[in-house]
Amino acid sequence: MKAAYSFYGAAVDKAEDAAKIACPVYGFYAENDERVDATIPKAEELMKAAGKKYEPVIYKGAGHGFMRSGEPSNPNVREGDKAARDEAWARWKMLLKQL
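Residues numbered from 1 in each chain as written. Predicted model: local features only at pLDDT ≥ 70, side-chain atom pairs only at ≥ 80, totals over all residues. Heavy atoms only, no water.

In terms of helices and strands, the chain carries five helices and three strands. From first element to last, N terminus to C terminus, the chain shows the α and β order β-α-β-α-α-β-α-α. In terms of C-alpha radius of gyration, the chain reaches 14 Å, essentially the compact-globule figure of 13 Å for 99 residues. A principal-axis box enclosing the C-alpha atoms of the chain has dimensions of 45 × 30 × 15 Å. Expressed as a percentage of the 99 residues in the chain, the buried residues total 35%. Long-range pairs, those at least 24 residues apart, make up 58% of the contacts in the chain with a sequence separation of at least 6. Total accessible area computed for the chain in this model is approximately 6100 Å², and 53% of it derives from carbon and sulfur atoms. Taking the 16 positively charged and 15 negatively charged side chains of the chain as two groups, their mean positions are separated by 7 Å. (Helix = DSSP H or I, 4+ residues; strand = E, 2+ residues; numbered from the N terminus. Rg over C-alpha atoms; globule rule 2.2 N^0.38 Å. Buried < 20%, exposed > 50% of the residue type's maximum accessible area, 1.4 Å probe, protein only. Contact = heavy atoms within 4.5 Å. Areas by Shrake-Rupley, 256 points an atom, 1.4 Å probe, with all protein chains shown as cover. Lys, Arg positive; Asp, Glu negative; His and termini not counted. Charge placed at Lys NZ, Arg CZ, Asp CG, Glu CD.)

What follows is the structure, given as structure tokens:
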């Protein structure tokens, strides 16, 4: 595997698990997702200590599930989710091109 992309998933929380990761990890997180966001600082620490690449981005104004809830076809779309979805899609496509 060349890279992993985590969309609002809880991050690694054990040193032995961070050591097993064999590719860069790119995180896509929502500002309004306290439970998941709380896992990011420890993951950053563990990944750095293991010499692994971990690049989380927290999208301002977004809620958990923003890729789905930010779809233009969603009649109840929230502006923060839509903006986050647009930014995340652009970032994801850019990262995929770098492979």
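Okay, helix H3 (residues 40-49) next. The periodicity of an α-helix, 3.6 residues per turn, causes residues three or four positions apart to be oriented the same way. Listed in full, the buried residues belonging to H3 are Ile40, Ala43, Leu46 and Met47. For H3, the arc enclosing every buried residue in end-on projection is 125 degrees, short of the 170-degree limit, so these residues lie on one face. More than 90 degrees from the buried face of H3, the exposed residues found are Pro41, Glu45, Lys48 and Ala49. Tucked inside the fold, the buried residues of H3 contact helix H1 (15-20), strand E2 (25-32), helix H2 (34-37) and strand E3 (54-63). Directly after H3, the chain includes Gly51, whose backbone phi takes a positive value near 75 degrees. (Arc of directions from axis to C-beta.)

All right, on to the pattern of salt bridges then. By the definition in use, this model includes five salt bridges. Between Glu31 and Lys60 there is a salt bridge, with the nearest N and O atoms lying 3.7 Å from each other. Separated by 29 residues along the polypeptide, Glu31 in strand E2 and Lys60 in strand E3 bring together distant segments of the chain. Its relative accessible area of 69% is what places Lys60 among the exposed residues. (Salt bridge = Lys/Arg side-chain N within 4 Å of Asp/Glu carboxyl O.)

Time to look at the sheet that holds E2. With parallel pairing, three strands are arranged side by side in an open sheet as E1-E2-E3. Edge positions in the sheet fall to strand E1 (4-7) and E3, since each of these pairs with one other strand and no more. Across the sheet, the axes of successive neighbouring strands diverge by a mean angle of 20 degrees, strand direction being ignored. Examined bridge by bridge, E1 and E2 share four bridges and lie parallel to one another. By the bridge assignment for E2, Ser6 is matched with Gly27. In this fold H3 packs onto E2 and E3, with an angle of close to 165 degrees to the strand it touches most, E3. Against the sheet, helix H5 (residues 79-97) engages E1, E2 and E3, with an angle of about 155 degrees to E3. (Pairing = 2+ DSSP bridges. Axes fitted to C-alpha atoms, helices over the stretch in contact; angles between N-to-C directions.)

Geometric descriptors of this kind do not, in isolation, establish any biological role.
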